[in-house]
Amino acid sequence: MTNTLTASELESELSKSGSGYSQLPIRSVYQMNCYGHTFNQVWLRLGAKVVSGARYVNFYPNQFNKFASEWAKGNVSYTNALQESNTESSRTLMQTAIQADAAKDIFPKNWDKCPIGSSILGDRPLRQKLFHYVLAKYR
């Protein structure tokens, strides 16, 4: 049994034969999964009017609350709600959390190579170490 959902499985499970609906009664889909963009076209075929999904690893799941607040106003487009949720403070918060978590495991002897205030998401050598760490830890 796999823990990975594929686009074809999603489409099959939520198709008319799987759900009973010719089109799902949904307006929008905000995906928080990594590589969510791979499901965008499936959601549109299934009936969603708008959809968003991370292109790569979703480092910023904390942006959902701001997105939801903007979208719920009713006079803000889906695109603008997404843009408004992508704030410097939301990115900084998650980069700090990732750096703190990764630092204890992959940088204990090399703190001089990871100075306070640097971003592991923007520094190529540190970013490479982070991805190896994340892949090993969460596979």
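Reading the values: rules and limits
- Residues numbered from 1 in each chain as written.
- Predicted model: local features only at pLDDT ≥ 70, side-chain atom pairs only at ≥ 80, totals over all residues.
- Heavy atoms only, no water.
- Salt bridge = Lys/Arg side-chain N within 4 Å of Asp/Glu carboxyl O.
- Helix = DSSP H or I, 4+ residues; strand = E, 2+ residues; numbered from the N terminus.
- Buried < 20%, exposed > 50% of the residue type's maximum accessible area, 1.4 Å probe, protein only.
- Axes fitted to C-alpha atoms, helices over the stretch in contact; angles between N-to-C directions.
- Left-handed = near helix turned anticlockwise from the far one by under 90°.
- Contact = heavy atoms within 4.5 Å.
- pLDDT = per-residue confidence, 0-100.
- Arc of directions from axis to C-beta.

## Considering the pattern of salt bridges
Counted according to the given criterion, the structure contains three salt bridges. With its nearest N and O atoms 2.8 Å apart, the salt bridge here joins Arg45 to Glu11. Here Glu11 lies in helix α1 (residues 7–14) and Arg45 lies in helix α3 (residues 40–46), a separation of 34 residues in the sequence. Glu70 serves as the salt-bridge partner of Lys73, at 3.1 Å between the closest nitrogen and oxygen. Residue Glu70 is classed as buried on the basis of its relative accessible area of 8%. Linked by salt bridges that have partners in common, Lys66, Glu70 and Lys73 make up one network.

## A word on the packing of helix α4 (residues 64–72) against helix α5 (residues 78–85)
Direction vectors running N to C along α4 and α5 enclose 145 degrees, while the axes themselves pass 8 Å from each other. Where α4 crosses over α5, the handedness of that crossing is right-handed. For the pair α4 and α5, the contacting residues are Lys66, Phe67, Glu70 and Trp71 in the first and Tyr78, Ala81, Leu82, Glu84 and Ser85 in the second.

## A look at unusual backbone geometry
Leaving glycine aside, a negative phi is the common case for residues, and trans is the common case for peptide bonds. For Tyr35, which is not glycine, the phi dihedral falls at a positive 60 degrees. Tracing the backbone shows Tyr35 in the loop between β1 (28–30) and α3.

## Let's talk about the confidence of the model for the protein chain
Confidence in the prediction for the protein chain averages 81 pLDDT; 71% of positions are at 70 or higher. Averaged pLDDT values over the elements of the protein chain bottom out at 63 in helix α7 (residues 124–138) and peak at 95 in strand β2 (residues 50–52).

## Observations concerning α5
Those residues of α5 not exposed but buried are Tyr78, Ala81 and Ser85. Taken end-on, α5 shows its buried residues confined to a sector of 60 degrees, consistent with a single buried face.

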